[in-house]
Amino acid sequence: MKAKYLKMIAAGSAIALVAFIGVQPAKAVANGSITLRMTMWSSNAGHLALFKGIADEYKKTHPEIADIKFESLDFATYTQLLTTQIAGGKAPDLAWILEKDAQQFRANNLLLNVQPQMESTPGYKLDEIAAGSLGLWRAPRSVYAYPFSTSPFAIFYNADLIKASGAEDPEALRAKGEWTWANAAKVAKAVTDYQKGNYGLNFPTFNYTTWNGLAAIWRGFGAEAWNKTGTTCTFDSKQMNNAMTFFHSMIYKDKSFPAPGVSSDFFAGNVGMSLIQLSRAASLPTMKWKWGVVPLPKGPVADAQAIGQAGMAVLTKSKNRKAAADFLVFATNPENAAKYVAFFPSSRTPLMDPKVIAKASILNEAQAKLIVADGISKGQILTSHPKISSIELSVKSTLDGLWKADANIAQTLNDVCTKIQPILR
Amino acid sequence: MAAPVLLGFIFLVLYPVLSVIRDSFTSYNPLSGDAAYIGADNYTRLVQDETAIEVAKNTLIFACILVPVNMALALFLAVLLNMHFKGRTTFRAIFFSPVIVSTVAWTIVWKYILQDDGPINYFLGLAGVDGPNWLRDNPWPMMSVVMVQVFKNLGMNMIFFLAALQGVPEEMYESSEIDGANRWQQFKKITLPFISPTILLVAILTIAGAFQVFAQVLLLTGGGPGLSTTVLSYYIFINAFQIFDLGYASALAVCLFVFVMGLTVAQWQIRTRWVFREV
């Protein structure tokens, strides 16, 4: 009898305990208990001030956040540094993710689905984000990053230097419908020949390492790194051979593009043209020389524009996933997204209006339409692949064979396919 | 008394080494956290991996150039700086100073110096010489990595040799002079035998260090052009943190560990044949 009572008391206590736990309110997060960290590849003072301003605004209404830190990492080794942090158990809470890495990060389940937070936040307007811009970051009922920068590559140029060299102004060539890679190479050569130490064209983010950026050139020649399904290498195609022969000739025959290991700085004023994105051109208005901007030249096969994209994502390995997702949603809401337009072309449709871009950025309305609005509508985002880390190292080490004067271009491109085809398959 | 040391050894040496051996039998992907036991597959793959074989050759070339050049230069400098002349302390400090500079800072400065349009080629140009692209045109990238590493650690080996040279009894030289020995004979018959224990120590440290070179490769050449400067430790890093194949990287690390350990043991075993006072 005694045992029966004891059992009843025990059962009752257990039920009461479960009920008590069940009705407990969610544990409140202590004030100042969370520090968020976001990695980025920019150390531009304007970019940092923009993010810091948004973070300060957020902290006012979120006392649980002690600090939001922004960690600038080197662009050339950004993914390597980020993945080393992740692999070492020191993942940041939020990170900028390059378009080329989107598929691999998703395949490894590294990006948190933030669609629930976006949808449940009043006024977030998820449907404002252009579907094409979300492509790399979206799955059914899931959004893995906010594409805060959908930035077409363009040719920014030093109009004074080009004029002094006697070459035709790129904008004039474009207006006549003669803005082609062949004519761009002529302008570059004229600038190089004009004065010792000049270069006609540079491409700072390529730097003989991030080869996928060369899509900005090879797409005009009708070339691609691999087929649409990512299963067959196409580096050995005739189109790629034409593109690389053209580029190689600029480096080693015309000497109008800096060879490997040679430094050049467009903003120093001795480079005629620079293949960059709007986000990297913010300091142009402070230059003492006249500058201009035109879209990528037409190639012999296509008038192809290339777009670089950056997503802002919460990492699944973050220790503060909920807080990080809440901050991401705040930092990318329509009001804050509008602040990015000064540096980063937006993927929210109202912010793609050339008038809005012209008001916020260094571009005038005509340039904003030509470079950003038309660029995004015509362009394609740079190459990505779920196995990009294995592929890009093989491509980089094999393509090194191209960067010498007597390179066997066809053989090198065949070697690239020999190397990466087993990975693609 | 030995407990703290033993604990340190267990947690900082033994546990990591055993973890690496364990991981080498898995397909551990540090990015996703996925891992599965795959037996000796990583070791089978290693034998068939043409890149790993090329990288192993690069590592041997690197060590075979670095070790003799470093030791010969360090000994030469030590002998010079052991002589009595004005300002020798300053020279000692100058040659030792790279040792205390951070490897990263040292390498970044050299990367700038070795650029195609850097100071070396500028001065060569003044002399009418068209210098190569030191970090791109083979075989100069490997030579550049070796040279940067040699000058980084030269001072340390020089100090070891200097200390040893100062321990050679002066009376040995005096009596040999009476016997009519010339400078070379003195060096060969007195100096070298007396400093041979230090030569053994320096050889063990330099050889082990040669197989661990990493930062110089990462920062100077990134292993390129092609694979020409990719050495084993850098290849391990690439597999672990760029391709995220930590299992395979662990198998490579185990092989490198066994090889360096074997080399050190071999040096220790043959010491009795050439090291003075060793029996």
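Just so you know, these numbers come straight off a predicted model, no measurement behind them.

Cut-off values and rules
- Numbers given for residues are sequential positions, taken from 1 along each chain in its written order.
- Throughout, the order in which chains and ligands are written sets their labels, letters from A for the former and numbers from 1 for the latter.
- Only residues with pLDDT of at least 70 get local features here, since the model is predicted, and only at 80 or more are side-chain atom pairs given and counted; chain-wide, interface and lining totals rely on the full set of residues.
- Just so you know, side-chain values use all the structure's heavy atoms and leave hydrogens and water out.
- The numbering of helices and of strands both runs from the N terminus, where a helix is a DSSP run of H or I of at least 4 residues and a strand a run of E of at least 2.
- For the exposure calls, accessible area comes from a 1.4 Å probe over protein chains only, and a residue counts as buried if that area is under 20% of its type's maximum, exposed if over 50%, partly exposed in between.
- Contacts are assigned to residue pairs with any non-hydrogen atoms lying within 4.5 Å of each other.
- Computed with a 1.4 Å probe, the accessible areas rest on the Shrake-Rupley method; for each residue, only the protein chains presented here act as cover.
- For the purpose of charge, His is not counted, nor are the chain termini; Lys and Arg are scored as positive and Asp and Glu as negative.
- Charged groups are reduced to one reference atom each: NZ for lysine, CZ for arginine, CG for aspartic acid, CD for glutamic acid.
- Each Phe, Tyr or Trp ring, with Trp reduced to its six-membered ring, pairs with another whose centre is within 6.5 Å; inter-plane angles below 30 degrees give stacked pairs, above 60 give edge-to-face pairs, and intermediate values give tilted ones.
- Two thresholds decide whether a charge sits over a ring: the Lys NZ or Arg CZ must be within 6 Å of the ring centre and within 35 degrees of the ring normal.
- Nonpolar side chains (Val, Leu, Ile, Met, Phe, Trp, Tyr) are joined into patches within 5 Å and like charges within 9 Å, using only residues with over 30% relative accessible area and no salt bridge.
- Salt bridges are defined as contacts in which a side-chain nitrogen from Lys or Arg sits within 4 Å of a carboxyl oxygen from Asp or Glu.
- Throughout, the accessible surface (probe 1.4 Å) given up by two parts as they are put together, summed over both, is called the buried area.
- Counted as a polar contact is a pair of N or O atoms within 3.5 Å, where, for protein atoms, one must be capable of donating a hydrogen and the other of accepting one, and residues adjacent in sequence contribute only when both atoms are in side chains.
- Segment limits for the domains were obtained from an automatic or database-derived domain assignment.
- Basically, the charged four are Asp, Glu, Lys and Arg, the nonpolar ten are Ala, Val, Leu, Ile, Met, Phe, Trp, Tyr, Cys and Pro, and anything else, Gly included, counts as polar.
- At least two bridges found by DSSP between two strands is the condition for calling them paired.

So, on to the overall build of chain B. A tally of regular secondary structure across chain B gives 13 helices and zero strands. Ordered by position from the N terminus, the helices and strands of chain B form the series α-α-α-α-α-α-α-α-α-α-α-α-α. With the C-alpha coordinates of chain B rotated into their principal frame, the extents come out at 75 × 60 × 35 Å. Looking at chain B residue by residue over its 279 residues, the buried ones come to 44%. Residue pairs at least 24 apart in sequence account for 67% of intrachain contacts in chain B once pairs closer than 6 positions are excluded.

So, on to the overall build of chain A. Each helix and strand in chain A was counted, giving 17 helices and eleven strands. Seen along its three principal axes, the alpha-carbon backbone of chain A occupies a region of about 105 × 50 × 35 Å. Put simply, chain A has 425 residues, and 55% of those count as buried. Counting contacts in chain A only where the partners sit at least 6 residues apart, residues at least 24 apart contribute 75% of the total. Carbon together with sulfur atoms contributes 57% to the accessible area of chain A, which is approximately 18,400 Å² in total. Across chain A, 45 positive and 32 negative side-chain charges occur, with their mean positions spaced 7 Å apart.

All names here are of chain A. Under the counting rule described, the total for this entry stands at 43 aromatic pairs over all chains. For the ring pair F247 and W403, a centre distance of 5.9 Å and an interplane angle of 85° mean the geometry is edge-to-face. Taken together, the residues span a long stretch of sequence, with F247 in helix α11 (residues 238-252) and W403 in the loop between α16 (388-399) and α17 (409-424) at a distance of 156 residues. Assessed through its relative accessible area of 1%, F247 is described here as buried. Judged by relative accessible area, W403 falls into the buried class, the value being 6%. Chaining the aromatic ring pairs together yields one cluster made of W41, F51, F70, F75, Y78, W96, F148, Y340, F343 and F344. Its guanidinium or amino end placed over the ring of F75, R280 lies 4.7 Å from that ring's centre, counting from NZ or CZ. One cation-aromatic arrangement involves R348 over Y124; the distance from NZ or CZ to the ring centre is 4.8 Å.

Quick look at a negative patch on the surface now. Side chains of E170, E171, E174 and E177 of chain B sit close together on the surface and give a patch of like negative charge. If you trace the backbone, E170 of chain B turns up in helix α8 (residues 170-178).

Counting residues at the interface gives 22 residues for chain A and 23 residues for chain B. Carbon and sulfur atoms supply 51% of the area buried between chain A and chain B, which totals about 1,800 Å² over both sides. Joining chain A to chain B, the criterion identifies one salt bridge. Seen at the junction of chain A and chain B, the total is ten residue pairs in polar contact (both at pLDDT 80 or more). Secondary-structure elements contributing two or more residues to the side of chain A that touches chain B are α3 (78-87) and α16 of chain A.

All names here are of chain A. Residues of helix α15 (residues 365-378) that are buried: Q367, A368, I371, V372, D374, G375 and I376. Where α15 is buried, its residues meet β6 (146-158), β9 (291-295), β10 (306-314) and α14 (354-360). The N-cap residue of α15 is N364: its side-chain oxygen and the backbone nitrogen of A366 are 3.1 Å apart.

On to the pattern of salt bridges. A pair can form between side chains of opposite charge whenever their charged atoms are brought close. All names here are of chain A. One pass over the structure, following the stated rule, counts 21 salt bridges over all chains. Notably, a salt bridge pairs D56 with K59, separated by 3.7 Å at the nearest N-O pair. Of the two residues, D56 and K59 are both situated in helix α2 (residues 45-61); the distance of three residues between them amounts to about one turn of the helix. Take D56: its relative accessible area is 32%, and that puts it in the partly exposed class. Measuring nitrogen to oxygen at the nearest pair gives 3.5 Å for the salt bridge that ties D67 to K59.

What follows is about the environment of A240 of chain B. Residue and element names in this part refer to chain B. Considering the arrangement of structural elements, one finds A240 in helix α11 (residues 232-241). Sequence separation between A240 and S250 is ten residues; the distance between their C-alpha atoms is 7.9 Å. Those residues in contact with A240, other than ones at most four positions away along the chain, are P30, D245, L246 and A249.

Looking now at the domain arrangement of chain A. Residues and elements named next belong to chain A. Partitioning chain A into structural domains gives domain 1 (34-151 + 308-380) and domain 2 (152-306 + 382-424). Facing the 28 residues of domain 1 at the interface are 34 residues of domain 2. Surface buried jointly by domain 1 and domain 2 totals about 2,700 Å² across both partners, of which 61% is contributed by carbon and sulfur atoms. It is K100, I362 and Q380 that lose the most area in domain 1 upon contact with domain 2, and together they represent 26% of the buried surface on that side. The salt bridge partner of K100 is E392, with a shortest N-O separation of 3.2 Å. Taken together, the elements giving at least two residues each to the side of domain 1 that touches domain 2 come down to α4 (102-107), β6 and α15. Grouping the constituent residues of the side of domain 1 that touches domain 2 by class yields 13 nonpolar, eleven polar and four charged.

To continue, consider the pairing of β10 of chain A. Residues and elements named next belong to chain A. Extensive coverage of β10 is indicated by the burial of nine of its nine residues. Note: β6 against β10, six bridges, orientation antiparallel. Opposite P152, over in β10, you have I307 as the bridge partner. Two elements, β10 and strand β11 (residues 380-381), share two bridges in a ladder whose sense is parallel. Counted as the bridge partner of I307 is I381 from β11.

Looking now at unusual backbone geometry. Looking along the chain, the bond that leaves N138 of chain B and enters P139 of chain B is cis, with omega of 5°. Within the secondary structure, P139 of chain B sits in the loop between α6 (119-126) and α7 (140-165). One non-glycine residue, K255 of chain A, adopts positive backbone phi at about 55°. Inspection of the secondary structure puts K255 of chain A in the loop between α11 and β8 (271-277). In this structure, F244 of chain B takes a positive phi of about 65° despite not being glycine. Within the secondary structure, F244 of chain B sits in the loop between α11 and α12 (246-269).

Once that is clear, we can look at the pairing of strand β2 (residues 65-72) of chain A. Pairing of strand β1 (residues 34-40) of chain A with β2 of chain A involves seven bridges; the strand directions are parallel. Each bridged residue has a counterpart across the sheet, and for M38 of chain A the counterpart in β2 of chain A is F70 of chain A.

This part takes up the side chain of T150 of chain A. Residue and element names in this part refer to chain A. The residue T150 is located in strand β6 in this model. Residue classification places T150 among the buried residues on the basis of a relative accessible area of 1%. In terms of polar contacts, T150 uses its side chain to reach the side chain of Q309, at 3.1 Å. Not counting residues up to four positions away in its chain, the partners in contact with T150 are S133, I307, G308, Q309, P345, S347 and I376.

Another aspect to go through is the side chain of S42 of chain A. Residues and elements named next belong to chain A. Summarising the element assignment, S42 is placed in the loop between β1 and α2. Judged by relative accessible area, S42 falls into the buried class, the value being 8%. Within the local environment of S42, its side chain forms a polar contact with the side chain of H47, the two groups lying 2.6 Å apart. In contact with S42, not counting residues within four places along its chain, are H47, L48, S72 and W96.

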